[in-house]
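# Close look at the chain arrangement
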Amino acid sequence: MISFNLFVLPFSFGLIYLLYMIIRWWTKWIRALPPEDRARFRKGIFSRQFFSGLKEVFLESLVHRKMFRRNALLGFMHMSFALGWFLLILAGNIESRIYSTSHVNPPYYPIFLKFFIHDRTVLWFEINTVPGFFRFLMDFLLLFILSGLILAMIKRGRSRWFGMTRTTHSQLTDRVALVCLWLIFPVRLLAESFTDGYYGAGGGFATQHLGNLFAVLFRESSQHIAYALWWLYSLALGIFFVTLPFSRYWHIPTEVLLIFFRRFGIPPKRIASSFSQVEIGACSRCGVCIDVCQLGSAARIHDIQAVYFLRSVRDEQVSRDITLRCLVCGRCQETCPVGINIDLIRLIERYNFSGSHASDFTYLPEPAPRKAQVAYFAGCMTHLTPSIIRAMKGILQEAGIDYHFLDEEGSVCCGRPMMLSGKHEQAGELIRFNRELILQSGADTLVTSCPICFRVFREEYNLPVRILHHTQYLLELIKSGKVPLQTVFRKVAYHDPCDLGRGSNEYRAPRELLAKVAELVEVPEEKEDALCCGGSLGIYTISSRKRDLITSDALDKLTSSGPEVLVTACPLCKKTFSRLAGIEVLDVAEMVYGAIPE
Amino acid sequence: MTRTTVIIGGGVAGMTAASRLADLGEQVILLEREEQVGGHLRNWDRLFPNRRPGYEVLNYLTEELGSKVDIRCLQTVTTIFSGERDFQLQLASGKSLRCDALLLATGFDLFDARRKEEYGYAIYDNVITSAELEELFRSGAPITTRQGKVPKRVGFVHCVGSRDEKAGNLYCSKVCCVTGVKQAIEIKELFPEAEVFGFYMDLRMFDRHFEEMYYEAQQKWDINFLRGRVSECAENQDQSIVLKIEDTLTSRPLKMTVDLLVLLVGFVPSPETLRLAAMLDLPVGEDRFLEPADEHTKSTLTVKPGVFLAGAVKGPFSISNAIADAGTAALQIHAYLKTL
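Note that the structure is predicted; figures quoted are calculated from it, not measured.

Rules of the game
Residues numbered from 1 in each chain as written. Chains lettered and ligands numbered in written order. Predicted model: local features only at pLDDT ≥ 70, side-chain atom pairs only at ≥ 80, totals over all residues. Heavy atoms only, no water. Domains from an automatic or database assignment. Contact = heavy atoms within 4.5 Å. Buried area = accessible area lost by both parts, 1.4 Å probe. Salt bridge = Lys/Arg side-chain N within 4 Å of Asp/Glu carboxyl O. Nonpolar A, V, L, I, M, F, W, Y, C, P; charged D, E, K, R; others polar. Phe/Tyr/Trp six-rings, centres within 6.5 Å; stacked < 30°, edge-to-face > 60°. Buried < 20%, exposed > 50% of the residue type's maximum accessible area, 1.4 Å probe, protein only. Lys NZ or Arg CZ within 6 Å of the ring centre and 35° of its normal. Pairing = 2+ DSSP bridges. Helix = DSSP H or I, 4+ residues; strand = E, 2+ residues; numbered from the N terminus. Axes fitted to C-alpha atoms, helices over the stretch in contact; angles between N-to-C directions. Parallel < 35°, antiparallel > 145°, perpendicular 65-115°, else oblique. Left-handed = near helix turned anticlockwise from the far one by under 90°. Core = buried A, V, L, I, M, F, W, Y, C linked by side-chain atoms within 4.5 Å. Polar contact = N/O pair within 3.5 Å; in protein donor to acceptor, adjacent residues only side chain to side chain.

Here we take up the domain arrangement of chain B. By convention, interface size is frequently given as the accessible area that disappears when the constituent parts associate. Residue and element names in this part refer to chain B. Partitioning chain B into structural domains gives domain 1 (4-107 + 270-339) and domain 2 (113-267). Facing the 17 residues of domain 1 at the interface are 25 residues of domain 2. Both faces combined, the contact of domain 1 with domain 2 buries some 1,700 Å², and carbon together with sulfur accounts for 58% of it. Summed over the shared surface of domain 1 and domain 2, the number is four salt bridges. Measuring nitrogen to oxygen at the nearest pair gives 3.4 Å for the salt bridge that ties arginine 51 to glutamate 216. Of the residues that constitute the side of domain 1 that touches domain 2, the class distribution is eight nonpolar, three polar and six charged.

This is how it looks when you write it as C-alpha cells:
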C-alpha cells in the first residue's frame, strides 16, 4: 500500500513548524513564570483543575459559549470552525485506524486518507457499517464547517447580523492566514469528491454524489484535477500553519495555555510577564471590543480599540498614542470573550511611557488623625463637588455617627491617577501616606464618597478595616433605622460609575437606596454595560470636544426615558455630566440627604 | 426704495452700529429682547481702566441714538427666512419685518459659576460673582458678607470658566483680568484695612492704561497677587471660605481663608446667538462663537451676503473694542446696501 506522496510535504512541514512554535513559546512562557507560579502550574497539572481546564477549553475554545451568549449567529460561526475542525481531526484519526494496521501513522495519513484509500467494499449509504458511519460523519462535519465559512463570508458584508457594527481591520499575515483557512475546507471537499468520483466509491453522502457528478463532467481528467486539489489542500494547510504564529490565529493554542494558567491560580501581574504575554497572544481579534468602545462610537476615534492595542503590543510596535488614548472604563474587558485583563495590560504599557515626575511629595503633611470608629474619606474629586460633602455631613450628623473626616483639611490623592498614568512608584508614595492616615485613625470602618478611591483602597491598600463606598454605608445606616427617610416623588435615572460598577462590582446598593427615596426609570445600557461619563482620569490625550461627544452621547442614552434627575454615585461623573446635562445631576448621597424629613 | 437694516441686540455694539448707520442715512430697526437697550453695560457701576461711571457711556450711546433709529424693545426673533436679496423676520410678537441687511449684535452670556462647583458658588454663602459685586457697587448697598460682617479678607479668582479646558472653554475672556484689578482696588477704596488677594494664572493687561492700573493695585493699594489656580474651596463654621491653591512661584500648596470670594466669570456664547446662527447657516467656531468671513480683513462680514456681525457674538470684547467694531460693521453694511 502506497501511503506517501510528495504533496504531503507542505502540510507536514507546516505542522512540524507549528508544533515547534507552540512548544517553544509554551516552554518559554512557563519557564518565565516566577517560582511560586511555576509551582502552581506543576501542582495544577495533577489536580482536578486540569480537568475543569479541559472542560473550559471545550466550552470556550471549541463551542465558543461566550460568543453564543453575545450573538447566536456569531457563536455558531466560531463554533462551526473550531468544534467542527476539532471533531473532523478526531473522527478522521479514528477512521484512518480502520485502514491501518500500524499503531503509529504519519500525521498526514488521516488528513489525506481519501487519497490513499479507495474502499469499494462499503457504499455511501451503508451508514450502519463502521466505515460507512465514518464517511457520513466526516462529510457531515465538513459541511458543518462549510456552513460556518458561508457565515464568515456573509459577515464581511453584513456584520450587523452578527451583532457587530464595526469589525477588525486586519493585517497582511491575518489576511494570508484567512485566505488559507477559507481555502482549506472547500478544497478538501473538492479533492475528496473528485477522488471518490474518479474511483466510483469511497465517499460519503456529499462527496460521493458530488464526485459522481464530477466524474461525468470531467471523465479521465478528474484524476489530474483531484491530484492538483490535493496539492492545493496540503499547501493551504501548510501555509496556514506557518503563518498561524504570526497571525490572529495564534490565539488558538495560546488561549488554551491561558485557560490553564487561570485554572491553576496564576494571578495577573502589574508588570509585563508571561501572564500578560499569554493574554496578549490569546486575543483572537474577534473585534467585539470595537463596538463597545465609546471613543469609537461617540468620539469617532477608530484606531485605538483594545484589539488594535493588543495587536500593537504583540507586534512590539506599541505607540504612546495608542497606549494613552483609552478611557480605561473597562467596557471592552467586560465584553471580551477571552476575558483578557485589557485595562491591566494598558497600564503595564503606560509604565513605559510614564516619563519622569517633578514632585517629590515632601510637601505632604504629617498625618495626625483623631480616633473614631468610622473614618470618612471624601477624596479629591468629592472636594470638587462640595454639595456631596455637605450631604454626607448632614446624613452622618442625622444618624448620630461619631466619625472622623480624614481629609477634611485637604486630600492627598488615593493614587489612582498616578497608577492610570503608569507611575507605580509615585502612586506608592501616596498610598503609603494615606494608608498611615487610615491606620492611625483606629477606625474599623472606612467610608469614601469616591468610587475611584474606593476601588484603590480595596485593591491596593491592604487595609485591615472594612472599606465601604458611601452608598453601601448609607444603605446600612438606613436599614438600621438611623436615618429617617421620606420618598421624594421624582423620576430618576441611575448611572453606574465605572469604578463602582465594573471596577468594584457594586450595582445593588445605590439602586436599593434610590428605590427608597425616588422612582427609578429604565436606562438602556446599565450595570456591566454602563457607559463611561467621559470624565475619565485615565485619558488626557484627547480634546475636550471629544470628551464632550462621549458625555453627550452617554447623556442621551441615560435620559432617554425622561427622568427628572440623573443620579450617579461618583463625584467625577457628577461633575462631568453637570456641565452638559439638561437636567439636574445629583449624587446618591444628595438624594438621600434631600429625603430626610425636616 | 428705502433700504432697511435690522440690528438684533441693543447692547453696546448694536446701539453704536444703529447710530452710525442712521448717520449714514440708512433706515435702521434695532430689536432688543429686554425692556431697555444697553445690554450688559447697564449692570456696570464703573468701567476700567479709569473707573468712570458706566452710565456716562450708556447715556452717551443712548443720546446718540436719539430718534434717528426705530428702537423696538421686548422683541424676540422666532424665525428668519433668507430671500434672494433680503430677509423676512418673524417676531414673537406676531409681527414680521423685511430687511435688506441683518446685523447680529446679540452679544454674550456670563459663564454660569455653578459649573465650577469646586468654588462653591450657590453652595457657600460668601462666594459671589464679579457681576454680582459690580451690581452691589452700583446699588450703593453696603458690601458685607452674607452674615452682615465687614469683609476683612477678600479674594478674587481669575479665569472662572475661561482658559479652562475642564469647563470646556479654552479661550481667554480678555476683560476679567482688568475687571478683577479694578474691583480689587474698589474694595480697597471702601475698606482700606481689608486684605485683598488676586489668584491668577497670568494677568493679561492687554490694553492701554491696564498695566498702569495693575501697578497701582500693587503699589498704592497693596493688593496681593498669587500665581496659581484655585483648586477648591470649603466653608468654615463661620461661613468664611477656605481655599486651596498651588502657589506656582514657590511650587507649594497653600491654604487661605477669606471672608468673601469673588469669581471673575468670563464670556460664553449666548444660546440666542447660536439659535440665530443655525437659522442663517452661519459657521460656528470650536469655541462656539460665530466665525466672520475673514478673521483679519472681513471681520464684520459673514459668509452669507447681507448678514453682518458686531461685538461679542464673535468672542470676548471690551466696550471700547465693541464700539470700534460696530462702527466698522456699519460702514460695511452701508457699502453693501449701496451695491443692491
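So, on to the packing of aromatic side chains. This structure, assessed with the given rule, holds 51 aromatic pairs over all chains. The interplanar angle of 90 degrees and the centroid separation of 5.5 Å between the aromatic rings of A:Trp124 and A:Phe125 together place this pair among those described as edge-to-face. Given a relative accessible area of 31%, A:Trp124 falls into the partly exposed group. When the ring centre of B:Phe317 is taken as reference, the NZ or CZ atom of B:Lys174 above it lies at 5.4 Å.

Hydrogen bonds between backbone groups are what pair the strands of a sheet, and the pairing can be parallel or antiparallel. Residues and elements named next belong to chain A. The four strands are arranged S6-S5-S7-S8 in an open sheet whose pairing can be described as parallel. Each having just a single partner strand, strand S6 (519-520) and strand S8 (584-587) make up the two edges of the open sheet. Here strand S5 (residues 491-494) runs beside strand S7 (residues 565-568); their pairing, made up of three bridges, is parallel. In the strand pairing of S7, valine 492 is matched with valine 565.

This paragraph deals with the packing of helix H1 (residues 8-31) of chain A against helix H12 (residues 251-263) of chain A. All names here are of chain A. Where H1 meets H12, the closest approach of the two axes is 11 Å, and the angle between their N-to-C directions is 30 degrees. Taken as axis vectors, H1 and H12 run roughly parallel relative to one another. When you trace H1 past H12, the crossing you get is right-handed. Each of Ile22, Trp26, Trp29 and Ile30 in H1 lies in contact with H12, whose residues at this interface are Pro253, Thr254, Val256, Leu257 and Phe261. Partitioned by chemical class, the residues of the contact of H1 with H12 number eight nonpolar, one polar and no charged.

The next point concerns the pairing of strand S6 (residues 77-82) of chain B. All names here are of chain B. The pairing of S6 with strand S7 (residues 87-91) spans five bridges and is classified as antiparallel. Bridging across to S7, valine 77 finds its partner in leucine 91. Between S6 and S7, which pair antiparallel one after the other, the connecting turn spans four residues.

With that settled, consider the environment of B:Gly83. Residue position: B:Gly83 is located in the loop between S6 and S7. When the C-alpha atoms of B:Gly83 and B:Ile333 are compared, they prove to be 17 Å apart, with 250 residues separating the residues in sequence.

Before going further, it helps to examine the nonpolar core. Of all hydrophobic cores here, the largest spans 106 residues; its most connected members are A:Trp85, A:Phe112, A:Phe185 and A:Phe240. Here this core takes eleven residues from helix H9 (residues 172-199) of chain A, the largest share from any one element. With residues up to four places along the chain from it excluded, the contact list for A:Phe112 reads A:Phe7, A:Val8, A:Phe11, A:Trp230, A:Tyr233, A:Ser234 and A:Leu237. Of all hydrophobic cores here, the second largest spans 91 residues; its members include B:Leu21, B:Val127, B:Ile185 and B:Val258.

Attention now goes to the pattern of salt bridges. Residues and elements named next belong to chain B. Evaluation of the coordinates by the stated rule reveals 59 salt bridges over all chains. In this structure, glutamate 64 and arginine 20 form a salt bridge, with 2.4 Å as the shortest nitrogen-oxygen distance. Taken together, the positions of glutamate 64 in helix H2 (residues 54-65) and arginine 20 in helix H1 (residues 12-23) put the pair 44 residues apart, joining distant regions of the chain. Accessibility expressed as a relative area gives 18% for glutamate 64, which makes it buried. For arginine 20, a relative accessible area of 26% translates into the label partly exposed. Residue glutamate 189 pairs with arginine 51 through a salt bridge whose shortest N-O separation is 3.5 Å. Within this pair, whereas glutamate 189 is found in helix H4 (residues 176-190), its partner arginine 51 is found in the loop between strand S3 (46-47) and strand S4 (52-53), the two being separated by 138 residues in sequence. The class for glutamate 189 is partly exposed, based on a relative accessible area of 32%. The network of salt bridges with common partners includes Asp45, Arg46, Arg51, Glu134, Lys182, Glu186, Glu189 and Glu216.

A separate point is the interface of chain A and chain B. Of the residues lining the interface, 18 residues belong to chain A; the matching set on chain B comes to 20 residues. Regarding the contact of chain A and chain B, the summed buried area is about 1,600 Å², with carbon and sulfur atoms giving 41% of it. Applying the counting criterion to the chain A and chain B interface returns four salt bridges. Notably, a salt bridge pairs A:Arg545 with B:Glu286, separated by 4.0 Å at the nearest N-O pair. Put simply, chain A and chain B have twelve residue pairs in polar contact (both at pLDDT 80 or more) between them. Of all elements in the fold, only helix H20 (380-383), helix H21 (386-399), helix H27 (544-558) and helix H28 (571-580) of chain A reach the threshold of two or more residues within the side of chain A that touches chain B.

Further remarks concern the environment of A:Met419. Residues and elements named next belong to chain A. With respect to the helices and strands, the residue methionine 419 is situated in helix H22 (residues 416-420). On the accessibility criterion, methionine 419 (10% relative accessible area) is buried. For the pair methionine 419 and glycine 538, spaced 119 residues apart in sequence, the C-alpha to C-alpha distance is 9.0 Å. In this structure, methionine 419 is in contact with Leu347, Ala427, Val456 and Glu460, ignoring residues within four places of it in sequence.

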